Amino acid sequence: MKVTKHRDKILEALREWFRIHKQAPTLEELCVELEMKPQQKATLQRRLQTIRGIDVDWDDNVARSLRLLNLDPEGEPGLNIPVTETLRYLATGLSDWGTLEPKKRSQIPQSLRLGMSRMYLTSLLQGNEQVPSNIPEFFDWSKKPVVEWEATTEIPHLSPEVTLIEDGLLSDFALQWQVTGSDVENQVQEKVLQDVLEHCRANQLEEAYRALRKLIIESPVLPYTEFRRIISSTQLRPLRDFLLKIYVDLVDLVEDKTYHFCPRCKYVMHKYKNTYICRSHTCEKISAKQGLSCLPTISKEDAEELKVVTPGVHRYGTIPGIWELDLAQKLTKLGLRVTLWPEIDEFDLLVEFSKKIRWAIDVKDWSYLDEERLKKVDYRHDMAETFVVFPHERDDLLRIKVRRPQLEPELGGVRLMLISEIINLAEQNLRKKNHA
Ligand SMILES: [Zn+2]
């Protein structure tokens, strides 16, 4: 078994120590146990730091508080550190760090500390110590392609281009990892959207649910009067309390002299270096490609009249929703009957060619092909086809056509397509149906 010598020795020494002593050793005593010289104390401390939170922990500035976390007397404590899990900690950690007020950024969030320790340990286990050991190094590392870290070779379908940080913001890749993580203490996926879904399911509010989803996609920014009209409308009044949480005052969210809005998603932009960019990297890419220019800027005074969705709702509701609405519109234009989020979000789009021929479509705004999550998509036996579709704009990272032959056989009938392909397929089907 491949084991780091240092970690192994430390844990062995600690287990031996606790067999005899009730109290934890001091650093000096542990040095002696490990037959290390007293001047190697700092080295030992550094080694302990790399396994802190995983195998050992202690209270800062409390003497003799060192303890083993994995007190399994027989077996080896968790030697297997899945790199996917480490990436989740890192992504969540970066996100947690990003939400800290600038003043508090010297405190490293627990998730980031755990992620970095695990990363360090993984590299030690693989006999390669070339990973960041402090926060500045880690931020530099985060801007480089993830694949440069040797440990990630075991992750399938990883594009050589993805990084954790892009343009000073958490990358879409990092966001995707963060959402995937169900084992991270801090569940970060937008809670209010989950609450809306549960409430609507419990009370069978299908129309209200659909109206709310559409609203946050089409109008992430709303004048106050309009917002007030909407929350008292017959359709959305049942979800009023949720809408009051989803929409906040723009000036409370962003403080600036002027406000800039993204031409694609219409959401308030974020100041980066000397310019303004959308919080969504996809928006930035698409706006650049299509030559879209920003919406008119708004003065601070006018901004006081505006409500905006929270950044979390923008990220998990507005941005992925743009693809869903766009696809629905394109298929409707072909003359198909399309229902968005049918049966209160069982899937994204129900497409009906006839009463008998119906498709279930899930749209995934991914930057990494997550096999585990794909396997969780249910094949709909009541439909002619079940598709998971991806935006064409993501294909440089996903490479659907290349990976499809290998992936599809594992998915129990679920098919993978690009949005452009699904539109072509719908057209073909319509032609066949009209000829028949
Ligand atoms: Zn945008």
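Residues numbered from 1 in each chain as written. Predicted model: local features only at pLDDT ≥ 70, side-chain atom pairs only at ≥ 80, totals over all residues.

### Let's talk about the overall build of the protein chain
Right, on to step 1. On a plain count of helices and strands, the protein chain comes out with 20 helices and 16 strands.
Right, on to step 2. Overall size of the protein chain, expressed as C-alpha extent along the three principal axes, is 80 × 55 × 45 Å.
Right, on to step 3. The burial tally for the protein chain puts 31% of its 436 residues in the buried class.
Right, on to step 4. Considering only contacts in the protein chain between residues 6 or more positions apart, those separated by 24 or more positions represent 64%. (Helix = DSSP H or I, 4+ residues; strand = E, 2+ residues; numbered from the N terminus. Buried ≥ 20, exposed ≤ 12 C-beta atoms within 10 Å, placed from the backbone. Contact = placed C-beta atoms within 7 Å.)

### Let's talk about the sheet that holds strand β14 (residues 358-363)
Right, on to step 1. Strand order in the open sheet formed by five strands is β12-β13-β14-β15-β16, with mixed pairing between adjacent strands. Across the chains shown, the open sheet's two edge strands, defined by having one partner strand only, are β12 (337-340) and β16 (415-418). When the angles between neighbouring strand axes are averaged without regard to direction, this sheet yields 30 degrees.
Right, on to step 2. Direction of pairing for β12 relative to strand β13 (residues 349-352): antiparallel, over a ladder of four bridges. Paired with V338 across the two strands is V351, which belongs to β13.
Right, on to step 3. Relative to the sheet, helix α15 (residues 311-333) contacts β12, β13 and β14, its axis offset from that of β12 by approximately 165 degrees. (Pairing = 2+ DSSP bridges. Axes fitted to C-alpha atoms, helices over the stretch in contact; angles between N-to-C directions.)

### A closer look at helix α8 (residues 191-203)
Right, on to step 1. Between the first and last C-alpha of α8 there are 18 Å, a value that for 13 residues agrees with the 18 Å anticipated at 1.5 Å per step.
Right, on to step 2. After α8 finishes, the residue Q204 shows a positive phi value of roughly 50 degrees. (Expected span 1.5 Å × (residues − 1).)

### Quick notes on helix α20 (residues 419-435)
In an α-helix, one turn spans 3.6 residues, which is why side chains three or four residues apart end up on the same side.
Right, on to step 1. The first and last C-alpha atoms of α20 sit 25 Å apart over 17 residues, in line with the 24 Å expected at 1.5 Å per residue.
Right, on to step 2. Of the residues making up α20, those classed as buried are I419, I422 and A426. Down the axis of α20, the sector holding all buried residues measures 55 degrees, keeping them to one side. In α20, the exposed positions angled more than 90 degrees off the buried face are occupied by N424, Q428, R431, K432 and H435.
Right, on to step 3. Turning to α20, the residues buried within the fold contact α15, β13, β14, β15 (385-390) and β16. (Arc of directions from axis to C-beta.)

### Some thoughts on the environment of R264
Right, on to step 1. In this fold, R264 is placed in the loop between β7 (258-259) and β8 (270-272).
Right, on to step 2. Sequence spacing of R264 and V131 is 133 residues, and the spatial spacing of their C-alpha atoms is 37 Å.
Right, on to step 3. For R264, the residues in contact, after removing those within four places along its chain, are C278, C283, I286, S287 and L292.

### Topic: the pairing of β15
Right, on to step 1. Along β15, five of the six residues are buried, which leaves the element largely enclosed by surrounding structure.
Right, on to step 2. Taken together, the five bridges between β14 and β15 define a ladder with parallel strand orientation. By the bridge assignment for β15, I361 is matched with F387.
Right, on to step 3. Note: β15 against β16, four bridges, orientation parallel. For F387, the partnering residue across the bridge sits in β16 and is R415.

### Points about the sheet that holds strand β6 (residues 247-249)
Right, on to step 1. One open sheet accounts for three strands, arranged β5-β11-β6; its pairing is antiparallel. The two strands at the open ends of the sheet, each matched to only one other strand, are β5 (221-223) and β6. Each strand of the sheet is rotated relative to its neighbour by a mean of 35 degrees, with strand direction disregarded.
Right, on to step 2. One ladder, built from three bridges, connects β6 with strand β11 (residues 306-309); its direction is antiparallel. Counted as the bridge partner of D249 is K307 from β11.
Right, on to step 3. In the packing of helix α10 (residues 224-231) onto the sheet, the strands contacted are β5, β6 and β11, and the crossing angle to β5 comes to about 95 degrees.

### Things to note about unusual backbone geometry
Right, on to step 1. The phi dihedral of R64 falls on the positive side, at around 55 degrees, and the residue is not glycine.
Right, on to step 2. Relative to the assigned elements, R64 resides in the loop between β1 (56-57) and β2 (67-68).
Right, on to step 3. With a phi close to 50 degrees, Q204 is a non-glycine residue in the positive phi region.
Right, on to step 4. Within the fold, Q204 resides in the loop between α8 and α9 (206-218).
Right, on to step 5. Overall, the presence of 10 C-beta atoms within 10 Å leaves Q204 in the exposed class.

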